[in-house]
Amino acid sequence: MPFLIEPRLKGNEYFERKFGEYVCTFVSEHGQVRAALFRRGDQLEVHATIMGGLNPGEVTDRFVTDIREYAREHGYEGRLKMIYSESMEPIQDATAPR
């Protein structure tokens, strides 16, 4: 599965305060969906963004099933929260070099 660690997000104090502990980032097969996964208490909180100006109905990449499978495999079955946003700009802005 396409899960990776983004060093700029790992241990980032801004994100730890705002979203919880960064776990990893999911990128769908053709890059249509990108999602940052955070541990908040006993939940896995997923901030998913549809990329490239696509509407949700236009996404053909598989992503919900992959993220649910990841959650199950890592002990978060039944404790997954999906949040959809229009842009990853807050994440990109917060991690931009200053």
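Before reading further, recall that the structure is shown in the block above.
Residues numbered from 1 in each chain as written. Predicted model: local features only at pLDDT ≥ 70, side-chain atom pairs only at ≥ 80, totals over all residues. Heavy atoms only, no water.

## Notes on the nonpolar core
1) Next: Phe3, Phe26, Ala35, Leu37, Leu44, Ile67 and Tyr70 are the most contacted members of the largest nonpolar core, which has 17 residues in total.
2) Next: Those elements giving two or more residues to this core turn out to be strand 2 (21–27), strand 3 (33–40), strand 4 (43–50) and helix 2 (64–73).
3) Next: In terms of residues, this core owes the most to one element, strand 4, which gives four residues.
4) Next: In contact with Phe3, not counting residues within four places along its chain, are Cys24, Thr25, Phe26, Leu37, Asp66, Ile67 and Tyr70.
5) Next: In this structure, Leu9, Phe19, Ala36 and Phe38 belong to the second largest nonpolar core, which totals six residues. (Core = buried A, V, L, I, M, F, W, Y, C linked by side-chain atoms within 4.5 Å. Buried < 20%, exposed > 50% of the residue type's maximum accessible area, 1.4 Å probe, protein only. Helix = DSSP H or I, 4+ residues; strand = E, 2+ residues; numbered from the N terminus. Contact = heavy atoms within 4.5 Å.)

## Looking at the pairing of strand 4
1) Next: Along strand 4, seven of the eight residues are buried, which leaves the element largely enclosed by surrounding structure.
2) Next: Sheet analysis places strand 3 next to strand 4, joined by eight bridges and oriented antiparallel. Bridge assignment links Val33 to a residue of strand 4, and that residue is Ile50.
3) Next: Counting the residues in the hairpin turn of strand 3 and strand 4 gives two residues, including Gly41, whose phi is positive at 65°.
4) Next: Here strand 4 runs beside strand 5 (residues 80–85); their pairing, made up of six bridges, is parallel. Across the sheet, the residue bridging to Thr49 is Ser85, located in strand 5.
5) Next: Running through helix 2, the crossover from strand 4 to the neighbouring parallel element strand 5 is right-handed. (Pairing = 2+ DSSP bridges. Right-handed = clockwise from strand over helix to strand, strands pointing away.)

## Side note on the sheet that holds strand 1 (residues 3–4)
1) Next: Taken together, five strands build an open sheet; the order of strands is 1-2-3-4-5 and the sheet is mixed. Looking at the sheet topology across the chains shown, the edges are occupied by strand 1 and strand 5.
2) Next: Of the pairings in the sheet, the one linking strand 1 to strand 2 comprises two bridges and is antiparallel in character. The residue bridging Phe3 from the neighbouring strand is Phe26, located in strand 2.
3) Next: Along the sheet, helix 2 contacts strand 1, strand 2, strand 3, strand 4 and strand 5; its crossing angle with strand 5, the most-contacted strand, is approximately 145°. (Axes fitted to C-alpha atoms, helices over the stretch in contact; angles between N-to-C directions.)

## A look at the environment of Cys24
1) Next: One can find Cys24 in strand 2.
2) Next: Note: C-alpha distance between Cys24 and Arg39 (15 residues apart in sequence) is 9.7 Å.
3) Next: If near-sequence neighbours (up to four positions away) are discounted, Cys24 is found in contact with Phe3, Leu4, Ile5, Ala35, Ala36, Leu37 and Tyr70.

That is the geometry; function is a separate question.
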